[in-house]
Amino acid sequence: MTYPFPTSAFIGGAWFESARTFPVVNPASGVLIAEVSDLGGDETEAAIRAAEAAFPAWSGHLAKERAAIVRRWGDLLIKHAEDLAQLITAEGGKPLAEARGEVAYAASFCEWFSEEAKRAYGRTIPTTVAHRRYVTIKQPIGVAAAITPWNFPLGMVTRKAAPALAAGCTLVLKPAEATPLTALFAAKLAAEAGLPPGVLNVVTSNNAAVVGKVLCESTIVRKLSFTGSTRVGKILAAQCAGTVKRLSLELGGNAPFIVFEDADLDKAAAAIVSGKFRNAGQVCVATNRVLVHAKAHDALAQKLAIGVSALKVGDGAEEGVQVGPLIQKAAVERVDRLVKAALASGAKALTGAAPSPVGEQFYAPTVLSGVTPEMDIAQQEIFGPVATLIPFGSDDEAVRIANATPYGLAAYFFTNDISRAWRVAEKLDYGMVSVNEGVMSNEVTPFGGMKESGVGREGGAEGLDEFLEVKFINFGGIG
Ligand code: ADP
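Residues numbered from 1 in each chain as written. Predicted model: local features only at pLDDT ≥ 70, side-chain atom pairs only at ≥ 80, totals over all residues. Heavy atoms only, no water.

## Remarks on the overall build of the chain
Then step 1. Broken down by element type, the chain carries 15 helices and 20 strands.
Then step 2. Compactness check: the chain gives a C-alpha radius of gyration of 23 Å against a globular reference of 23 Å for 479 residues, within 12% of the reference.
Then step 3. With respect to the principal axes defined by its C-alpha atoms, the chain has extents near 70 × 65 × 40 Å.
Then step 4. When each of the 479 residues of the chain is scored for burial, the buried share is 56%.
Then step 5. Within the chain, residue pairs in contact and separated by at least 24 positions form 72% of the contacts whose partners lie at least 6 positions apart.
Then step 6. Within the structure as shown, the chain displays about 18,600 Å² of accessible surface, and the carbon and sulfur contribution to it stands at 56%. (Helix = DSSP H or I, 4+ residues; strand = E, 2+ residues; numbered from the N terminus. Rg over C-alpha atoms; globule rule 2.2 N^0.38 Å. Buried < 20%, exposed > 50% of the residue type's maximum accessible area, 1.4 Å probe, protein only. Contact = heavy atoms within 4.5 Å. Areas by Shrake-Rupley, 256 points an atom, 1.4 Å probe, with all protein chains shown as cover.)

Structural data, given as structure tokens:
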């Protein structure tokens, strides 16, 4: 297969080919689609130095000059949307329609942060001493590092890189080993947009632990932005402690989707099907537990079983496919273990509940009823195409079950009672709450979690602040 970019790392504006490579495989077919340069610690250090060398000039540009380049990058992503979408599907497995949506989502961060960069305002603060004047200014934090996951191989890159670059930081990016190609294509387009050498560096590697440790322990890198599992997020936070690095962590979730007895059940069921089964359930904000009022339980269960069993499973590259493969064979086995354990403890399969005959890495879209909050499948992030139904009897019980998890990323609920909507939204310990809608993420609002789902926010005005330092300047001797 040939690509419009080299399958090697990108350091200091040049393509860097290493002797060692690692394979990238299409998860739908198992076919090898590329061999990519496999970098280690020394090359990561070189990328950090390239970012350090580029920082003075890049941060010295006017915000509007940086903004123009970041905006052009987004425009180029849109221009190459179809090729990018095909690549996202080839290496990540999601259906093409979703991959196309991801390109638009990714480009939206370039647009948004190119605009926000011009508004990195400081403050003037009324003085407390007659001869002094107080102001704050915001400045780019310095060299930043980003480690991104495979489930949104383009979206997670721009959600970090666009605010970092727009703010005036330079960046070392380590994309997930399963999906480095999309990141390399994006880097090529960034250079084409006019990004100077060294401002964005991409370290491809099959040894995330080695690269991650160098990034975390570097005294040059002043900020780490990570999206991935809570397990790895904790390792990185510990490794960053030695240099007291600024951290943004977007980690795992255990999203509740509460359906109250007064909800529009058709709309709720449709929202669960589209939100939960997107990317075969491999989304950190995907519904993990459907909490449904006992009075609405049977009707919702029936609607979900009908909707989910109609989903078309297959290679995401085929038009019309709605559920693609899981990223690895081990993921299919993990999901199946969780489902089998739930069934053994009394849950009931309404549809699915087995690997799909479509291929080795596919799992049949599944609905389980009779799940209890204590089961592993309700406690752990499933990250697969399985919806679980847990009945409840009162609003307080629903909120209690929803909050009884170390996670706090996204929560959803359906009700037509405005007073209940406010009450429940305020009581949910989640960074993002969606009322009467199953998908909510966009570039203008803050995305992020509470508790062990992470720290910091991406998108919105908050997303730019993650890459800025606030400096207080005191002017004395006035008057
Ligand atoms: P997921 O469950 O989404 O695969 P991971 O946390 O395993 O989540 O992976 C997310 C990103 O973190 C990927 O880029 C992966 O290579 C990277 N990663 C995994 N382990 C480590 C580690 N020990 N140090 C640094 N990065 C890591």
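From this point on, the discussion continues.
## Quick look at helix α13 (residues 395-403)
Then step 1. Residues of α13 that are buried include every one of D395, A398, V399, I401, A402 and N403, and no others.
Then step 2. Against the buried residues of α13 lie β12 (255-259), β13 (287-293), β16 (386-392) and α14 (418-427).

## Regarding the domain arrangement of the chain
Then step 1. Domain boundaries in the chain define domain 1 (9-251 + 453-473) and domain 2 (255-442).
Then step 2. Between the C-alpha centres of domain 1 and domain 2 there is a distance of 31 Å.
Then step 3. Facing 23 residues of domain 1, the contacting portion of domain 2 comprises 26 residues.
Then step 4. Buried surface at the junction of domain 1 and domain 2, summed over both partners, amounts to about 1,900 Å²; 56% is from carbon and sulfur atoms.
Then step 5. When residues of domain 1 are sorted by the area they lose upon contact with domain 2, P27, W150 and S453 head the list and together hold 26% of the total. (Domains from an automatic or database assignment. Buried area = accessible area lost by both parts, 1.4 Å probe.)

## Overview of the sheet that holds strand β15 (residues 366-369)
Then step 1. The strand order across the open sheet built from seven strands is β14-β15-β16-β13-β12-β17-β18, with neighbouring strands paired in mixed fashion. Each of the sheet's edge strands pairs with one partner strand only, and the pair in question is β14 (348-351) and β18 (432-435). Here the strands of the sheet are splayed against their neighbours by 25° on average, with no regard to which way each runs.
Then step 2. The pairing of β13 with β16 spans four bridges and is parallel. Note on β16: the bridge partner recorded for H293 is F392.
Then step 3. In this fold helix α11 (residues 329-344) packs onto β14, β15 and β16, with an angle of close to 25° to the strand it touches most, β15. (Pairing = 2+ DSSP bridges. Axes fitted to C-alpha atoms, helices over the stretch in contact; angles between N-to-C directions.)

## Some points on the pattern of salt bridges
Then step 1. Inspection of every chain in the model, using the stated rule, returns 25 salt bridges.
Then step 2. Between E116 and R119 there is a salt bridge; the shortest N-O distance is 3.1 Å.
Then step 3. Accessibility expressed as a relative area gives 11% for E116, which makes it buried.
Then step 4. Using a relative accessible area of 42% as the deciding quantity, one classes R119 as partly exposed.
Then step 5. Across the salt bridge formed by E458 and R159, the nearest N and O atoms sit 2.7 Å from each other. One end of the pair, E458, is in the loop between β19 (454-455) and α15 (460-465); the other, R159, is in helix α5 (residues 155-167), and 299 residues separate them in sequence. As far as burial versus exposure is concerned, E458 and R159 are alike and both buried.
Then step 6. If you follow the salt bridges from partner to partner, you end up with E261, D262, D395, R420 and R423 in one network. (Salt bridge = Lys/Arg side-chain N within 4 Å of Asp/Glu carboxyl O.)

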